[in-house]
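Descriptive analysis of the structure
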Amino acid sequence: MTSQGLYVDGVTVTFDGFRALNNLSLLVEPGELRAVIGPNGAGKTTMMDVITGKTRPDTGIVRFAARDLTKLDEAAIATLGIGRKFQKPTVFDALTVFENLELALKAPRGPIACLRWVLSGVARARIEATMEQIGLAARREDLAGLLSHGQRQWLEIGMLLMQEPELLLVDEPVAGMTDHETEQTAALLRGIAGTRSVVVVEHDLEFVRALDCRVTVLHEGSVLSEGSITHVQADPRVIEVYLGR
Amino acid sequence: MNRRLVLMLCVLALAALPAFNALPADHPLHVPDFLVSVVGKWICYAILALAIDLAWGYAGILSLGHGAFFALGGYAIGMHLMRLIGPRGVYGHPVLPDFMVFLGYTELPWYWLGFDWFAFAFLMALVVPGLLALVVGWLAFRSRITGVYLSIITQAMTYALMLAFFRNDMGFGGNNGFTDFKELLGMPLNTGATRAVLFYASLVTLVLVFWGCAHLTQTKLGRVLTAIRDAESRTRFLGYNVTRHKLFVFVLSAMIAGLAGALYVPQVGIINPSEFSPGNSIEAVVWVAFGGRGTLVGAVLGAFSVNALKTWLTSVAPDLWLIVLGLLFVIVTLLLPKGLIGLLRRRGS
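The rules behind these values
Residues numbered from 1 in each chain as written. Chains lettered and ligands numbered in written order. Predicted model: local features only at pLDDT ≥ 70, side-chain atom pairs only at ≥ 80, totals over all residues. Helix = DSSP H or I, 4+ residues; strand = E, 2+ residues; numbered from the N terminus. Rg over C-alpha atoms; globule rule 2.2 N^0.38 Å. Buried ≥ 20, exposed ≤ 12 C-beta atoms within 10 Å, placed from the backbone. Contact = placed C-beta atoms within 7 Å. Axes fitted to C-alpha atoms, helices over the stretch in contact; angles between N-to-C directions. Parallel < 35°, antiparallel > 145°, perpendicular 65-115°, else oblique. Nonpolar A, V, L, I, M, F, W, Y, C, P; charged D, E, K, R; others polar. Core = buried A, V, L, I, M, F, W, Y, C linked by C-beta atoms within 7 Å. Expected span 1.5 Å × (residues − 1). Pairing = 2+ DSSP bridges.

1. Considering the overall build of chain A
A tally of helices and strands in chain A yields 10 helices and 10 strands. For 245 residues, the compact-globule formula gives about 18 Å, and the C-alpha radius of gyration of chain A, at 18 Å, lands near that figure. Dimensions of chain A, computed from the C-alpha atoms along their principal axes, are close to 55 × 40 × 30 Å. Across the 245 residues that make up chain A, the buried fraction comes to 43%. Nonlocal contacts in chain A, meaning residues at least 24 apart in sequence, comprise 67% of its contacts between residues at least 6 apart.

Laid out in structure tokens, this is it:
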């Protein structure tokens, strides 16, 4: 096993007798961009839930940076450097783009610290830089509730970046996006990986191809196939359960 | 017009009331005594409304038990007022309040110690509601109890306290509570001068609490609370310990409610367990909903307008009040989700 990156081994999760994850094992290297695909109910979202501490595994090991994630709660895991982007964009509609990013900025999180918080020049510069990166610099004072669907997704990715995560989990980022937005999102995620690990869960195979990275195919809670997109698309088992339908 | 100017004019108009009350009774601008005490009460209600709005409007914690914190603050100062009666009670006991003599107490219960000092009693009016909120809030928020479940728990809390305070052997005067107060800080109650002092103390407190809440909601903490209100689990994933933030604002809110109660009791001259009744807490939430939750001005406006309506209606048609209160809540929920303030702002723009 490795002390860096994400290490998932033999994880099983059961809900009322249903095995959402079945002896799942996965290794994501530091800086790697990884796509996870699979049909509905394959366990993609449950896998994310386990890594972020929302769901506790029945058995198995989940480690990140040599820490056992199964013993930590969501806030502690987030502090450890794992950020998650949900399927439905959940930015804070009543706050502006700038305020959304400010809340996500790595800073003391306690109530008193928040009460006494003063935005420093360095922090402001970081927020500005992230707004540039996600293409929302022109919308900084707009309420997040006024953004388009694609822009909300980018804002949420920006919020994750503000936390300087070492591992970014991204759940179906391009669902409902236009083709143009999808391309931009792929470019954005490719740019983010390298300095940090990124795991993208996605249905859209065109998008996965655009990500140009290693692909893991899940089926019934465990890994069915792993490799380049060309490799998995040629795998007969994958064709049978997923691509052939 | 400038918002701040309007607010200042409102405060000045309120501040003028006791001054006009001091004019001779036959002066055309004379303000009757009852109006000063009634508006003094409303000011305390407005402070309570701010407390509720801070927790509900900003952090999404709909407490239906804030009347309990208000009442506890009132009881704390009431205990001090009882101690100040001294030997002037009906039974003339040098130490024990009348009800204790009547119930056969031989000495002051331990939890009454210290209440002969105003500073201690005042501190307790903040600390006791704060501690209760800390315990109830910690248990509830830690288990991630939110929404209607939290509301029900807070209702149960105030109801349980009401039943407890009704009991004679609690040592808080049973269903009669405390009354017959004589003086506070050396000032005899029931004089125009004391009424004015209490009125101004309440008004200054209202302004300070308003200013403090306005400041708090402008900080990053205010934005975190808004985030918790709108998407609690998302906020947790951002690394915020939501339980601690909610606990912070809930305790602060309970202490503000306690402060309001402490200012209220010397002005009305009585505190009894009916202050804990669940209906009181719900009524206070209606003020905030009616005025416009999530805006501090709305909470204050709601407290004043609903109570003005109540004072007027209970004198002309007392039977109608509860029906009107219920209707108000329905109308606001269906037609005015942003309350009076939302309506005024829509008109204004």
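Structure shown, so let's carry the discussion forward.
2. A few points about the packing of helix H2 (residues 33-58) of chain B against helix H10 (residues 242-268) of chain B
Residue and element names in this part refer to chain B. Put simply, H2 and H10 touch, their axes get as near as 8 Å, and they point 170° apart. Between H2 and H10, the angle is such that the two are roughly antiparallel. Here Ser37, Gly40, Lys41, Cys44, Ile47, Leu48, Leu50, Ala51, Leu54 and Ala55 of H2 lie close against H10, whose contacting residues are Val249, Phe250, Leu252, Ser253, Ile256, Ala257, Leu259, Ala260, Leu263, Tyr264, Gln267 and Val268. Per-class residue counts for the contact of H2 with H10 are 17 nonpolar, 4 polar and 1 charged.

3. Considerations on the nonpolar core
Residues and elements named next belong to chain B. One finds Ala46, Ile47, Leu48, Ala49, Leu50 and Ala260 to be the most contacted residues of the largest nonpolar core, which totals 168 residues. It is H2 that contributes the most residues to this core, 17 residues altogether. Beyond its immediate stretch of four places on either side in the chain, Ala46 contacts Leu206, Val300, Ala303 and Phe304.

4. Describing helix H5 (residues 118-142) of chain B
Residue and element names in this part refer to chain B. Here H5 is 25 residues long and its end C-alpha atoms lie 35 Å apart, about the 36 Å a rise of 1.5 Å per residue gives. Of all the positions in H5, only Ala121, Met124, Ala125, Leu126, Pro129, Gly130, Ala133, Val136, Gly137 and Ala140 are classed as buried. Where H5 is buried, its residues touch helix H3 (66-85), helix H6 (147-166) and H10. Phi for Arg144, located one or two positions after H5, is positive at around 55°.

5. Some thoughts on the interface of chain A and chain B
Taken residue by residue, the interface counts 22 residues in chain A and 20 residues in chain B. Elements with a contribution of two residues or more to the side of chain A that touches chain B: helix H2 (74-80), helix H3 (97-104) and helix H4 (111-115) of chain A. Split into classes, the residues belonging to the side of chain A that touches chain B amount to 11 nonpolar, 5 polar and 6 charged.

6. What to know about the sheet that holds strand S2 (residues 18-28) of chain A
Residue and element names in this part refer to chain A. Read from one edge of the open sheet, 4 strands run S2-S1-S4-S5, paired in antiparallel fashion. Pairing within the sheet leaves two strands with one partner each, and these edge strands are S2 and strand S5 (67-68). The pairing of strand S1 (residues 6-15) with strand S4 (residues 59-64) spans 5 bridges and is antiparallel. Bridging from a neighbouring strand, Leu6 pairs with Phe64 of S4. Set on the sheet, helix H1 (residues 44-51) makes contact with S1, S2 and S4; between it and S2 the angle comes to about 65°.

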